[in-house]
Amino acid sequence: EVLEGKEPEVPSRRRENVIVVMAGGRGQRMDPFTRIFPKPLIPIGDKTVLEIIMDRFHRWGFHRFILTLNYKKDYIKIFLSEARFPYTVTWVEEPSFMGTAGGLSLIEEHLRETFIVANCDSLLDIDIGEVLNWHREQGASLTVIGCYYEVKIPFGVLEVGDGKLTGILEKPTHDTIVNTGVYVLEPVVFEYLRDRREMDMNDLIGKMIASGRKVTVYPIHAGWTDIGQWDRYKEALREHGL
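Only a predicted model underlies this, so the values are computations on that prediction, with no experimental measurement involved. (Residues numbered from 1 in each chain as written. Predicted model: local features only at pLDDT ≥ 70, side-chain atom pairs only at ≥ 80, totals over all residues. Heavy atoms only, no water.)

With respect to a nonpolar patch on the surface
- Together, Leu158, Val160, Leu165 and Ile168 make up an exposed nonpolar region whose accessible area comes to about 420 Å².
- If you list the elements that add at least two residues to the nonpolar patch, you get β9 (156-161) and β10 (164-170).
- Tracing the backbone shows Leu158 in strand β9.
- Accessibility expressed as a relative area gives 54% for Leu158, which makes it exposed. (Patch = residues over 30% accessible without salt bridge, like charges linked within 9 Å, V, L, I, M, F, W, Y side chains within 5 Å. Areas by Shrake-Rupley, 256 points an atom, 1.4 Å probe, with all protein chains shown as cover. Salt bridge = Lys/Arg side-chain N within 4 Å of Asp/Glu carboxyl O. Helix = DSSP H or I, 4+ residues; strand = E, 2+ residues; numbered from the N terminus. Buried < 20%, exposed > 50% of the residue type's maximum accessible area, 1.4 Å probe, protein only.)

Describing helix α4 (residues 128-138)
- Residues of α4 that are buried include every one of Ile128, Gly129, Val131, Leu132 and His135, and no others. Down the axis, α4 shows its buried residues gathered within 160 degrees of arc, on one side only.
- You can read the cap of α4 off the contacts: a side-chain oxygen lies 2.9 Å from the backbone nitrogen of Gly129, and it is on Asp127. (Arc of directions from axis to C-beta. Polar contact = N/O pair within 3.5 Å; in protein donor to acceptor, adjacent residues only side chain to side chain.)

Description of the pairing of strand β4 (residues 62-69)
- The buried fraction of β4 amounts to seven of the eight residues, a majority that puts the element mostly inside the structure.
- Here strand β1 (residues 15-22) pairs with β4 via six bridges, running parallel. By the bridge assignment for β4, Val21 is matched with Leu67.
- As judged from the six bridges shared by β4 and strand β5 (residues 88-93), these two strands associate in the parallel manner. The partner of Ile66 across the bridge, within β5, is Thr90.
- The parallel pair β4 and β5 is bridged by helix α2 (residues 73-82), and the resulting crossover is right-handed. (Pairing = 2+ DSSP bridges. Right-handed = clockwise from strand over helix to strand, strands pointing away.)

Comments concerning the side chain of Thr68
- Its place among the elements puts Thr68 in strand β4.
- Residues within four places of Thr68 in sequence aside, it is in contact with Val20, Val21, Met22, Ala23, Gly24, Val92, Glu94 and Gly103. (Contact = heavy atoms within 4.5 Å.)

Points about unusual backbone geometry
- Unusually for a residue other than glycine, Lys72 sits at a positive phi of about 50 degrees.
- For Lys72, a relative accessible area of 23% corresponds to the partly exposed category.
- Here Asp162, not a glycine, exhibits a phi torsion of approximately 55 degrees, which is positive.
- Note on placement: Asp162 falls in the loop between β9 and β10.

With respect to the packing of aromatic side chains
- Under the counting rule described, the total for this entry stands at seven aromatic pairs.
- Three or more aromatic residues joined by ring pairs form one cluster here, namely Phe57, Phe62, Phe65, Phe79, Phe85 and Tyr87. (Phe/Tyr/Trp six-rings, centres within 6.5 Å; stacked < 30°, edge-to-face > 60°.)

Side note on the environment of Trp224
- Along the polypeptide, Trp224 turns up in strand β13 (residues 224-226).
- Classification of Trp224 as buried rests on a relative accessible area of 13%.
- The spatial distance from the C-alpha of Trp224 to the C-alpha of Asp125 is 6.4 Å, given a sequence separation of 99 residues.
- At 3.0 Å, the side chain of Trp224 forms a polar contact with the side chain of Ser122.
- Among the polar contacts made by the side chain of Trp224, one reaches the main-chain carbonyl oxygen of Thr180 at a distance of 3.4 Å.

A look at the pattern of salt bridges
- Applying the stated criterion to the full structure yields 10 salt bridges.
- Its salt-bridge partner being Asp121, residue Lys39 comes within 3.1 Å of it at the nearest N-O pair. Note that Lys39 is positioned in the loop between β1 and β2 (43-44) and Asp121 in the loop between β6 (115-119) and β7 (122-124), a separation of 82 residues in sequence. Both residues of the pair, Lys39 and Asp121, belong to the buried class.
- Salt bridges linked by common partners bring Lys73, Asp74, Lys77 and Glu93 together as one network.

This is the structure in structure tokens:
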């Protein structure tokens with residue numbers, strides 16, 4: 001950045017909260033690419049997805065990262081051993097595939113305060129510090145970052161009542177809020193992960209809601225890209241001029 005005449009990005013505030021990147025999945029939606037490389041090492045421009053995720057968190061002051069590894073973990077470990085980051089990166093290895101939440105049980109001792117979990121196919125370009133502050137103000141045990149998303153149906157939708165056609169909606173659009181795969185959590189979540197078994201985040205959230213824990217949603221309108229699908233990955237490449 002200095003050589004290009006740019007001012008290097010310096011975090012406005014140093015935050016001690018740990019960022020956990022779930023980097024152990026098979027990445028089946030990106031097949032056949034992930035038959036060769038693990039999803040975290042998929043390139044976008046001159047950086048890997050993993051680097052971009054961590055760099056964006058670092059921009060907002062976060063500097064402590066823990067990765068959960070499994071699928072093709074040796075590739076990622078070699079990459080990490082040779083990389084030079086302006087932040088601290090450590091990892092744990094799952095003994096088996098533990099889902100999108102189960103791996104957290106392996107690092108409970110390192111997560112004594114509010115922490116953030118990010119899937120390794122979710123790119124966010126928002127101020128995570130603001131999300132963290134909002135989460136605390138709400139007194140939540142878990143906050144899901146959700147993004148407004150338009151679902152466009154490219155057909156005429158039939159409205160039916162008592163077996164009769166009552167109308168036709170031509171190519172309607174439905175507004176929804178979808179899960180970005182990034183969460184803010186309190187250590188209380190480990191009460192639901194004691195057996196160290198496979199568990200997906202949806203199941204963890206369901207258990208917390210059922211037991212009366214406060215789970216909130218922080219909605220955003222833009223700034224999210226899911227690169228776990230080929231069309232969205234190509235979109236990310238176009239955004240980087242590739």
